[in-house]
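A structural walkthrough
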Protein chains: 2
Amino acid sequence: MSAVVSLNPRTGAVRQLLGEEASPNDVSATAGAAAAAAPELQRLGRTGRASMLRLMAEGLEADAAGIVEVADAETALGAPRLRGELGRTTYQLRLFADALDEGSYVEATIEHPRETALGPQPDLRRMLVPLGPVAVFGSSNFPLAFSVGGGDTASALAAGCPVVVKAHPSHPATSERTYAVLAKAASAAGAPDGAIGLVHGHHAGAILVQRGEITAVAFTGSQRGGRALLDLVNARPDPIPFYGELGSVNPLVVSPGAARTRAAGIGTGLAQALTQGAGQFCTKPGLAFVPAGEDGDRLCAELAHRLTELAEPLVVANQGIRDAYFDQVAALSRHQDVACLVDAVRPGGAGFAVAPHVLSVGTTQLDQSLLEEVFGPYGLIVRYGTEDDLLAALRLLEPALAGAVHSEADEVEFTRAAFTALAERAGRILWNSYPPGMAVTWATQHGAGWPAATAPHTSVGVTAVRRFLRPVCWQDVPPELLPEELREDNVAGIPRRVDGKLSVGY
Amino acid sequence: MSAVVSLNPRTGAVRQLLGEEASPNDVSATAGAAAAAAPELQRLGRTGRASMLRLMAEGLEADAAGIVEVADAETALGAPRLRGELGRTTYQLRLFADALDEGSYVEATIEHPRETALGPQPDLRRMLVPLGPVAVFGSSNFPLAFSVGGGDTASALAAGCPVVVKAHPSHPATSERTYAVLAKAASAAGAPDGAIGLVHGHHAGAILVQRGEITAVAFTGSQRGGRALLDLVNARPDPIPFYGELGSVNPLVVSPGAARTRAAGIGTGLAQALTQGAGQFCTKPGLAFVPAGEDGDRLCAELAHRLTELAEPLVVANQGIRDAYFDQVAALSRHQDVACLVDAVRPGGAGFAVAPHVLSVGTTQLDQSLLEEVFGPYGLIVRYGTEDDLLAALRLLEPALAGAVHSEADEVEFTRAAFTALAERAGRILWNSYPPGMAVTWATQHGAGWPAATAPHTSVGVTAVRRFLRPVCWQDVPPELLPEELREDNVAGIPRRVDGKLSVGY
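Per an unreviewed UniProt entry, the recorded name for chain A is Aldehyde dehydrogenase, and the organism is Prauserella flavalba.

Moving on to the pairing of strand S8 (residues 163-166) of chain B. Residue and element names in this part refer to chain B. Residues Val 163 and Val 165 of S8 are buried on one face, and the alternating residues Val 164 and Lys 166, pointing to the opposite face, are buried as well. Sheet topology places strand S7 (residues 134-137) next to S8; 4 bridges connect them, and they run parallel. Within the sheet, the bridge partner assigned to Ala 135 lies in S8 and is Val 164. Remark: the S7/helix H5 (residues 151-159)/S8 crossover connection has right-handed handedness.

With that settled, the discussion passes to the sheet that holds strand S6 (residues 124-130) of chain A. Taken in spatial order, the 12 strands of this open sheet run S23(A)-S22(A)-S3(A)-S6(A)-S21(A)-S20(B)-S19(B)-S12(B)-S13(B)-S18(B)-S17(B)-S15(B), and their pairing is mixed. A single partner strand is all that each edge strand has here, and the edge strands are strand S23 (501-503) of chain A together with strand S15 (339-342) of chain B. Each neighbouring strand pair of the sheet contributes to a mean axis angle of 20 degrees, computed without reference to strand direction. Note that strand S3 (residues 109-111) of chain A and strand S22 (residues 496-498) of chain A share 2 bridges and pair parallel. Considered in S22(A), the bridge of A:Thr109 is made with A:Arg497. Helix-sheet contacts for helix H9 (residues 256-275) of chain B involve strand S12 (251-254), strand S13 (287-291), strand S17 (357-362), strand S18 (378-384) and strand S19 (400-406) of chain B, and the interaxial angle to S12(B) is about 150 degrees.

Examined against the element boundaries, A:Thr153 turns out to sit in helix H5 (residues 151-159). If sequence neighbours within four positions are ignored, A:Thr153 has contacts with A:Val136, A:Ser147, A:Val148, A:Val163, A:Val165 and A:Ile196.

We now examine the pairing of strand S17 (residues 357-362) of chain A. Residues and elements named next belong to chain A. With 6 of its 6 residues buried, S17 lies for the most part within the structure. Because side chains alternate across S17, one face comprises the buried residues His 357, Leu 359 and Val 361, and the other comprises Val 358, Ser 360 and Gly 362, equally buried. The pairing of strand S15 (residues 339-342) with S17 spans 3 bridges and is antiparallel. Opposite Ala 339, over in S17, you have Ser 360 as the bridge partner. Direction of pairing for S17 relative to strand S18 (residues 378-384): parallel, over a ladder of 6 bridges. By the bridge assignment for S18, His 357 is matched with Tyr 378.

Turning our attention to the nonpolar core. Grouped together as the largest cluster of nonpolar side chains are 109 residues, with contacts concentrated most on A:Phe289 and B:Leu53. In this structure A:Phe289 touches A:Pro251, A:Leu252, A:Val253, A:Val254, A:Leu366, A:Val382, A:Tyr384, A:Leu390, A:Ala393, A:Leu394 and A:Leu397, once residues within four positions along its chain are discounted.

Residues and elements named next belong to chain B. Where helix H4 (residues 79-102) contacts H5, the axes come no closer than 9 Å and their chain directions differ by 20 degrees. One way to sum up the angle between H4 and H5 is to call them roughly parallel. For H4 against H5, the interelement crossing comes out right-handed. Between H4 and H5, the residues in contact are Gln 92, Leu 93, Phe 96 and Leu 100 and Gly 151, Ala 154, Ser 155 and Ala 158, respectively.

All right, on to the packing of aromatic side chains then. Tallying each qualifying case throughout the model produces 12 aromatic pairs over all chains. Pairwise contacts between aromatic rings join A:Phe137, A:Phe219 and A:Phe242 into one cluster. Sitting over the face of the ring of B:Trp442, A:Arg497 holds its NZ or CZ atom 3.6 Å from the ring centroid.

Under the fitted operation, chain B is carried onto chain A by 0.0 Å of movement along the axis and a turn of 180 degrees, and the coordinates agree to an RMSD of 0.0 Å. Those values place the two copies in the arrangement expected of a two-fold rotation axis. By residue overlap, the copies meet face to face through one surface: 100% of the interface positions of chain B are interface positions in chain A.

A word on the interface of chain B and chain A. Each partner contributes to the interface: chain B provides 73 residues, whereas chain A provides 73 residues. Here chain B packs against chain A, burying approximately 6,000 Å² in sum over the two surfaces, 59% of which is carbon and sulfur. The tally of links between chain B and chain A comes to 2 salt bridges. Linking chain B with chain A are 35 residue pairs in polar contact (both at pLDDT 80 or more). Sorting elements by how many residues they give to the side of chain B that touches chain A places strand S21 (residues 469-475) of chain B first, with 7 residues. The class makeup of the residues in the side of chain B that touches chain A is 36 nonpolar, 18 polar and 19 charged.

Glancing now at the domain arrangement of chain A. A common way to state how big an interface is: give the accessible area lost once the parts meet. Assigned domains within chain A: domain 1 (22-100 + 131-246 + 455-469), domain 2 (251-431) and domain 3 (478-503). A straight line from the C-alpha centre of domain 2 of chain A to that of domain 3 of chain A covers 50 Å.

Residues and elements named next belong to chain B. The first and last C-alpha atoms of helix H6 (residues 172-188) sit 24 Å apart over 17 residues, in line with the 24 Å expected at 1.5 Å per residue. Those residues of H6 lying buried are Pro 172, Ala 173, Thr 174, Ser 175, Thr 178, Val 181, Leu 182, Ala 185 and Ala 186. A positive backbone phi angle near 85 degrees is found at Gly 190, which sits one or two residues after H6.

What counts as what
- Residues numbered from 1 in each chain as written.
- Chains lettered and ligands numbered in written order.
- Predicted model: local features only at pLDDT ≥ 70, side-chain atom pairs only at ≥ 80, totals over all residues.
- Heavy atoms only, no water.
- Buried < 20%, exposed > 50% of the residue type's maximum accessible area, 1.4 Å probe, protein only.
- Helix = DSSP H or I, 4+ residues; strand = E, 2+ residues; numbered from the N terminus.
- Pairing = 2+ DSSP bridges.
- Right-handed = clockwise from strand over helix to strand, strands pointing away.
- Axes fitted to C-alpha atoms, helices over the stretch in contact; angles between N-to-C directions.
- Contact = heavy atoms within 4.5 Å.
- Core = buried A, V, L, I, M, F, W, Y, C linked by side-chain atoms within 4.5 Å.
- Parallel < 35°, antiparallel > 145°, perpendicular 65-115°, else oblique.
- Left-handed = near helix turned anticlockwise from the far one by under 90°.
- Phe/Tyr/Trp six-rings, centres within 6.5 Å; stacked < 30°, edge-to-face > 60°.
- Lys NZ or Arg CZ within 6 Å of the ring centre and 35° of its normal.
- Least-squares fit on C-alpha atoms with pLDDT ≥ 70 in both.
- Buried area = accessible area lost by both parts, 1.4 Å probe.
- Salt bridge = Lys/Arg side-chain N within 4 Å of Asp/Glu carboxyl O.
- Polar contact = N/O pair within 3.5 Å; in protein donor to acceptor, adjacent residues only side chain to side chain.
- Nonpolar A, V, L, I, M, F, W, Y, C, P; charged D, E, K, R; others polar.
- Domains from an automatic or database assignment.
- Expected span 1.5 Å × (residues − 1).

Set out below in structure tokens:
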């Protein structure tokens, strides 16, 4: 068994040892505790779980300074970004609490008995109930908002599912510190022990997804890691839902008009989008389509200028990401048709610093080998001639988390054609903005077809809760044995569908 | 390549040859046509697709006599049942048309730009859009309602997804006849060629689920068949959603009070539920928990009496089902702890006739080897002593499509305890009724955890449409480039969520 080690990515040095990784017995005990907690967490009800989520948010805020300090020491993401990320984490915990109060997410549906063309129809009442214990895999790039207390945990707990988090090895101390806050808040809210658990270790994660107690898996990470876990899940005697958000190559299209009027602005914006969080955003627009010709040249020149004058070093989360970045960039640079726009100078030292790298190619030279995701501050510029060239190139792309178009208001037909091609494969479509910086709302979508994600659901925003629920229908069941949400009186005032008609209830 | 053969299950004789099974090239062409049809079917819109579904229902009604005649000749299910099943098929096509008109299924959600604790939030608009071409596998036991024009096809077409049906080999002529009606109606409604396609052949089905054009699979059938297809889907470079309804062993609990007051009625009801459609219902209550003692004895005696006096022979769909039935029954009968209550006499002749078989065992002797699904008129009676014995036995069960309790109104605590145990594993909970005969409504749930189904969704009822949709979010996109459902004016008057608040719109 290996030790759990917290590193300083700025130097590569060990900053703390946190004991041993979880043994198979540890995983078994944690999963067992989650299973034991499941009925009680469900009985806590929507109101009780809303209180729990709000206490968790308060707890994180109370320990904000300490959490940010540890997270910065472990991730080098910087205090301002991490304070923002903590704010996002508490905001989304409270948003799920609000959704619990509102109650529409259970999809309460009542059909009263009646005569139909097919004969008498019984009394039927349906709502969504918790699936059971969920395994959540923390991400490398968001130590707070997509980790122990992140969106997957918040949505699973909201649904009424106990959570076992597999901590990401790039920030074990942050994970432990966050976990302590959440566990204390859960207990204060009257949630059972086992409502939230934490394990460390690669092998522990593999064991976890195979445990019979686990009823769903939520994962944010690489395509390779996601595929390996998915294969383990599918080899179970009882395969379970695997909700993986695996990242993607996100296209950004610049129209001729936008290049003409805003070359410098877009070059600057793109430089920022490629380097934000050291390029460790799954929504990074890593593939920019820029018109051939002078306007596009100006855009590329500005992009190159902004990237080469970066003041701060870019430090990625761990050695694996750093090494993969340099290996992929080197391989892509050897492609016979690409030109180098910005060269990644390999910084010295033992830490996990990297430098931006941007390549450029024409639409006709674009092939699948150039369309792999590179995690880090890398981008590929694709220069297109005609609109048809552009659309043909867009049709080569695999599903992506986000697709953006930068165009002028009077380029309606161009924009429509680009949006149509993008909407066939992207989960989020943006106009004149950059995909990193997704808001957490009822309208959020973070997901798309494979390889961006493994299931047609979102992993961010209120509707992420749907992943951890299953429908149950009660037929001719007496009122006193029905869940409160399905009784005639609707005391909680939640939205329901009664005899086919939706009514808001509040 | 093999011929497509229509058999008479009453005699086993060949009644018709329908050409060759689909070659890999045929499958490729059909899937390609579906992919080409996808954008046009989406553009047909909710109104256009509602018209298409209604024309399909009208077409099936116009050809009802012919369809029922062919289906009875191929399945031996009898004209009354098949007329009822055709009624169910047209009813559900129209119900999905109504759902398209109503429009809530797209989950239209609008967040206007605003200031939040996390900074300015952009304009975000989200709705569900079609996934793309869907492969639908027809079932053996419902040649109409779960086959070419059944619930999977209706829900996928409603969603806006072209469908390629893999016909079940037990009723190829019915499949062809139904398909002709549906294709004609689709064309009359202005749907593109390729909106619905049909292939025959086991190998063709395996190729179909691996085609890149196919974006989801819907399957109703055996656990073995479902698992094999699921493994093919998971081996794709781009795994896609697989919605399998694989059947289950459905528990039915008789309380002491119900056994005391209604032994004969429940014995009769159970006999009917075990033999309906020759026991070929995935919701057949194949596992009945009956109190030990005299009341339970009377129930069992009535059940045995009703089953041995059956007037009509029970004919299953094909030779494979017949042979598996006798093999499983023979193996289960050899279990050292079971007693035989009703003996399956193996009928003579070359057809696919079977006879009912019921075994009996005590709760303490119940083990996993006795808990496998047997397709056909088989049931296992489990005699229990105390309520604790019963609940311990219920906790051994795997997820099931349906669980029923027969109890008296004053046995509230017994009923509650049984329902709680059942609701943890069953998709539908019934009181004092029998699960076959599920209504198609907004409140229907047909599904549960593995092995009952492969995903936490229903395969029957309006919400089945959710399986074939994916969310897309439009960020800061100008109104004229938004789908109609997401524009400010809500001309269609559909339910929407605006700034977090649900409004019905109609």
